[in-house]
Amino acid sequence: MTAPAPTGLFGALREQLTDAAATFADSPDALAGILAGMVDDVDRALGERLEIFPVCHHSPASALAMVRRLRARPPKVIYLELCEDLRPLLDELRNCRLPVAVQAFATELDGFPAEWSPLSVVAPVTEASAEYQAIAYALDTPGVELVLVDRSTDHVYQWTPRDDRPTGPDPTPATDEDGALHGDAIGVEIGDLRPRFAELESYLLHHGKVRHWSEWWEQYVERPLAEADYDTYRQVMVLIGSLFRRLRPARDAADDRDADRERHMWTRMRQHLAATGVDPADCLHVCGAFHAASHVEQFGLDSTAPDFPISPRTGTRWRYGLIPSSHSAIEAQFGLAPGAVSIAAANWTAALGRTRLTPYRLAGQQTGKKGRRARATPASAAPDASTDRLTGFLAAPPPLDGLDEAELRGWCVDIVRLARRNGYLASTADAIAVFETSILLANLRNRARPTPYDFADAAVTCIEKDVVPGRRDVRRLCEILLGGDRIGQVGYDSLPPLARDVLDRLAPLGLDLERRTVQRALLDLRAEPALAPCSDLLWMLRHLLPADAVRPIMGERRLGHRSTQESWDLALGRNQRALIELGYEGVTVEQVLEQRLRRAVRGPDATAARALAAVEDAVRLLDSPRLVDELGARAVELLAAERTVDDAPEVLRRIRRLLAHHRTTAPALPAWCQAFVTTGYAHYCTLLPTAFVDEATGVRQVGAMLGFLFSMESLALSLGCDRSQLELAVAQAHPEAPAKLALLWAARHQLGLLPLALLRERCAELLANPLVVPAFPHYLSGFVHALDPVPGLAPFVVETMSAAFAGLPDPVLLPWLPTLITTLREHGPELVPLLVREAERTFPATLAALDDWTPPWAAAPDTSTLTPTLVGTGPLADMLAAHPDALDAVAALLGCDASWRSPAGPGLPAGGGSPLLAAHPDTADAVAALLTPDRPGVSVG
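Note that the coordinates shown come from a computational prediction; the quantities given were computed from them, not determined experimentally.

Caption draft 1: Highlighting the overall build of the protein. Check the secondary structure of the protein and you find 39 helices and 13 strands. Split into buried and exposed, the 941 residues of the protein put 48% on the buried side. Of the contacts made within the protein by residues no fewer than 6 positions apart, 75% connect residues no fewer than 24 positions apart. A total of about 45100 Å² of accessible surface is found on the protein, and carbon and sulfur atoms cover 56% of it.

Dropping the structure here:
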């Protein structure tokens, strides 16, 4: 059967590709279909009445082609592939220094899963990109309209499957702080030209003798298209987009989303043309080359397919703004090779100088370069869709650029200089070696001249040693040399109100806080009281921003204490993104802090300990008693609802600190403090028996519960609690673990149910039992934890440990010591210092005194020196002497058998007074005269 004659503009090219597929492919029909389909896609895109401008993101070749197109035939309407709700932000680009990223941010979700929060979408913008050239032209040219036609940021997440949380790039290493400027936001780019077929990409990288897709693209696409005319550029870019589109696996979820994006864009363009009546010949559609070869039914203005139904946006409240970006952040966001964007920026600058084109730049744009006067460009005719430029481009050999020895020599000299500055032992010989190795690598890779990637590989080979002497390795130095990691900045006028308010309120410090360097601020609040508001703001920012943004060097802010002198390291310019995103949450820092504290106590993971931390932060940072009472009331609710005691140590530590603060600063405890104490007393009494026997509850938690109950007992009883509840809880506890059993004994001793003599006897029995001795360190751990609720046991614990060390033989003691040390280190590191201080107080200070020293617990009481207690006179003494039964009962309970003496017994002066007062009555007479001024002097004696 005879093949049909080739038809159309690219008929000859289609025939050549079909013949090549039949000659070289194992399955010529499949390959021929792909190659012929690519040609059809180019023919279809060029024949569309609405001119399509295919681009690749951050491509100097695309930017150059855009400048040529806009200078030659300025359009009246530009349709740009970018989220349609980001349009108001583009006017703020003139206040920024590129690169920056347009951001949409949301924390209050409505219609999306709560675990997705926060939502963030960023679209980075660099000068060496076609979209920025189109934006700058449209915004500064009167009568030109810029229309964004891509789906909204809300639809970005609407079209995301619900079973996956959308994420941005992989976490950037902590050492590359500039690469994390975008955080985990989803990136939106124009023209994601990268093959989606892994085997194809691997094949291209292998045969192109490159390591990364960015290097292949720069070598085989960027350089040839940089000097190409506009028609050739369009045809080649559509052809590449069609190739990558046809190689994507069928029924891919990403393919469905891309098709919906294309339907959305064509629907929006049709609607705009119908509403405005603009001639399509005066319009330009800027989109990725991948979308230029679209196959959707809505493609083209002449399509009869109905408009794509666009769902309404959810109730999620989106915040919009600009955040600083950087070359490394863009590379990390979109998976580009390190240094790729910096090399693209350097190529853009070199191409402008070579072609003498004048790019578009927004009026007022912050830049460190002097703008050139625009050179007149002769107008050209409309794009010639009747000329086949693609066949000639594909058939022509690559241009043989000569070796620019001056440029390469300059790179080699500069990299040696940078290496020596960063600690490398580089010399002139290394510069020569890098020069020769760069040429060698280019020849091995079939390149006419070394590329920046060849030069970087040669520098690493010749200069890099076993150890990197500084913070930067040679490859990073090459990136800096070839363009550097340019970091953008958002101007003051484009900042959200909160960020501007922060800069205004910190203006009295006299620092340029927009700089990216770390600056030191010194505040002498005693000499300059006017700086106190700055100090308050810095402490709030310390709580809200990353740790390195606002870092105190000297001074602290705790409950009831404010430093009179403070020193701060401020890096707000370096953390501008965090400050801007803080502005999405409120108008002032105080408002944002109050909202975060409320969310902390109302969230699903809120606990009583976190609520008390929020109360403490509110007291320290915000002067708002109403907020403190609200957070405290919430802490009471959370404590009553808890069913575990995991946070008992944290709760005890924080409530003690808050009670001490309120007792010293207020005439009475707040109502929430009283409610917390009473609720906690009842709560922990209820959970105490279970905690004693629960294996999942540690000894530290049980000790904290007892610490709360015993230290808050007097306050709780005064507020109406019943002590019998604690006694019943202790009586119902039956632990088996040694540490918890020791804690129970300490609690019973504190309640008066276990005398110290009996407790001493039990410990002696444990030490005498060889089966229990290996577990005795755990008993000691329980006693150490009991020092907090029962501090009076400190001498007993010292006595017990001393008895163990003195009585146990070495074969038993030596294996026992490691267990004791590890147990105390694990369970009671904060309580061991109390034990050490008690031992220091008990034992003698010198070695000589140790020979004659007798332990206090071993010394017998000396009753020979006891003297009878003198009993005073007065109505109370007379009443006690007349009715001694009550005191006799107490004395019998305490084990005292001293007999009663009358107030006027032998050896006492008349009247039963003190001999000291009788010998020196002046002081007593003065006190009596002060108390009874209307009576004459009364003599005491």
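Caption draft 2: Expanded view of the packing of aromatic side chains. Applying the stated criterion across every chain, the model contains 16 aromatic pairs. A centroid spacing of 5.4 Å and a plane angle of 45° characterise the contact between W411 and F455, whose relative ring orientation is tilted. Remark: F455 occurs in helix α16 (residues 452-463) and W411 occurs in helix α14 (residues 405-421); sequence separation between them is 44 residues. You'll find W411 and F455 in the same group, each marked buried. On the basis of an interplanar angle of 80° and a centroid distance of 5.6 Å, the ring pair of F783 and F796 is categorised as edge-to-face. Pair noted here: F783 is in helix α31 (residues 776-785) and F796 is in helix α32 (residues 794-807), with a separation of 13 residues, a long-range link. When sorted by exposure, F783 lands in the same class as F796, which is buried. Among the aromatic residues, those joined into a cluster by ring pairs are F112, W116, Y157 and W318. Positioned above the aromatic ring of Y360 is the side chain of R71, whose terminal nitrogen or guanidinium carbon lies 4.0 Å from the ring centre.

Caption draft 3: Local environment of the pattern of salt bridges. Under the counting rule described, the total for this entry stands at 43 salt bridges. In this structure, the salt-bridge partner of R505 is D501, at a minimum N-O distance of 3.2 Å. In this pair, R505 and D501 both sit in helix α18 (residues 497-505), four residues apart, roughly one turn of the helix. Classification of D501 by relative accessible area gives partly exposed; the value is 22%. Where R653 meets E650, a salt bridge forms, and the shortest distance between an N and an O atom there is 2.6 Å.

Caption draft 4: Quick peek at the environment of L408. Among the structural elements, L408 can be located in helix α14. According to the relative accessible area criterion, L408 is buried, its value standing at 3%. Counting along the chain gives 26 residues from L408 to V434, while the straight-line C-alpha distance between them is 9.4 Å.

Caption draft 5: Broad picture of the packing of helix α3 (residues 60-72) against helix α7 (residues 213-226). Contact pair α3 / α7: the axes reach a minimum separation of 8 Å and the direction vectors enclose 25°. Classified by the interaxial angle, the pair formed by α3 and α7 is roughly parallel. Relative to α7, α3 is oriented so that their crossing is left-handed. Packed against α3, whose contacting residues are P60, A61, L64 and R68, the element α7 presents E222, L225 and A226 at the interface.

Caption draft 6: View of α18. Among the residues making up α18, those that are buried are L498, A499, V502 and L503. Seen from one end, α18 has its buried residues packed into an arc of 135°, which puts them on one side. Taken together, the buried residues of α18 touch α19 (532-544), α20 (576-583) and α21 (589-602).

Caption draft 7: Expanded view of the sheet that holds strand β7 (residues 283-288). Reading across the sheet, the four strands line up as β1-β7-β2-β5 and stay open at both edges, with parallel pairing between neighbours. Lying at the two open borders of the sheet, with one neighbouring strand each, are β1 (51-55) and β5 (145-150). Neighbour-to-neighbour, the strand axes of the sheet open up by a mean angle of 30°, direction not taken into account. Strand direction decides the pairing type here: β1 and β7, joined by five bridges, are parallel. Its bridge partner lying in β7, I52 is registered against H285. Packed onto the sheet, α3 meets β1, β2 (77-83) and β7 and runs at close to 155° relative to β1. Running at roughly 130° to β2, helix α4 (residues 130-140) makes contact with β1, β2 and β5 of the sheet.

Caption draft 8: Geometry of the nonpolar core. Of all hydrophobic cores here, the largest spans 192 residues; its most connected members are F53, L506, F676 and L688. When residues in this core are grouped by element, the largest group, 11 residues, is from helix α25 (residues 671-693). Residues contacting L688, with those up to four places away along its chain left out, are V702, M705, L706, L709, L726, A729 and V730. One finds I343, A458, C462 and I463 within the second-largest nonpolar core, a separate group that totals 26 residues.

Caption draft 9: Main features of α32. Look at α32: 20 Å from first C-alpha to last across 14 residues, which is about the 20 Å you get at 1.5 Å a residue. Among all positions in α32, only A794, F796, V797, V798, E799, T800, M801, S802 and A804 are buried.

Caption draft 10: Spotlight on the confidence of the model for the protein. In this model, the protein carries a mean pLDDT of 81, and residues with pLDDT of at least 70 account for 81%. Low pLDDT, under 50, characterises residues 170-175; the stretch is placed with three contacts to residues that sit more than four places away or in other chains. Taken together, the stretch residues 904-912 has pLDDT below 50 and engages in 12 contacts with residues farther than four places along the chain or on a different chain.

Caption draft 11: Molecular detail of unusual backbone geometry. Following L98, the chain continues to P99 via a peptide bond in cis, the omega torsion being 5°. In this fold, P99 is placed in the loop between β2 and β3 (100-106). Phi is positive for R356, close to 60°, though the residue is something other than glycine.

Cut-offs and rules
Here the residue numbers are simple positions, counted from 1 along each chain's written sequence. Note on the predicted model: pLDDT of at least 70 is required for a residue's local features to be given, and 80 or more for side-chain atom pairs to be given and counted; whole-chain, interface and lining totals, by contrast, use all residues. Excluding hydrogens and water, the side-chain values take into account all heavy atoms of the structure. Strands here are runs of E lasting at least two residues and helices are runs of H or I lasting at least four, both read from the DSSP assignment and numbered beginning at the N terminus. For the exposure calls, accessible area comes from a 1.4 Å probe over protein chains only, and a residue counts as buried if that area is under 20% of its type's maximum, exposed if over 50%, partly exposed in between. The contact definition used throughout considers only heavy atoms, calling two residues in contact when any of these lie within 4.5 Å. Surface accessibility in these figures is a Shrake-Rupley result with a 1.4 Å probe; residues are shielded only by whichever protein chains are displayed. Here a Phe, Tyr or Trp ring, Trp counted by its six-membered ring, pairs with any other such ring whose centre lies within 6.5 Å, and the pair is stacked when the planes are under 30 degrees apart, edge-to-face when over 60, and tilted otherwise. We call a charge positioned over a ring when the NZ of a Lys or the CZ of an Arg lies within 6 Å of the ring centre and within 35 degrees of the ring normal. When a carboxyl oxygen of Asp or Glu is within 4 Å of a side-chain nitrogen of Lys or Arg, the pair counts as a salt bridge. Fitted lines through C-alpha atoms give the axes, limited to the stretch in contact for helices. The angle between two N-to-C directions lies from 0 to 180 degrees. For classification purposes, angles smaller than 35 degrees are called roughly parallel, those larger than 145 roughly antiparallel, those between 65 and 115 roughly perpendicular, and all remaining angles oblique. In this scheme, a crossing is called left-handed if the near helix is turned counterclockwise away from the far one by less than a right angle; it is called right-handed if the turn is clockwise. The directions from the helix axis to the C-beta atoms form the arc being described. Here a strand pair is declared whenever DSSP counts at least two bridges between the two strands. Only buried residues count toward a nonpolar core, which is a set of Ala, Val, Leu, Ile, Met, Phe, Trp, Tyr and Cys residues joined through side-chain atoms within 4.5 Å. Expected helix span is taken as 1.5 Å per residue step, with the number of steps being one fewer than the number of residues. Per residue, pLDDT measures the predictor's confidence, with a range of 0 to 100.

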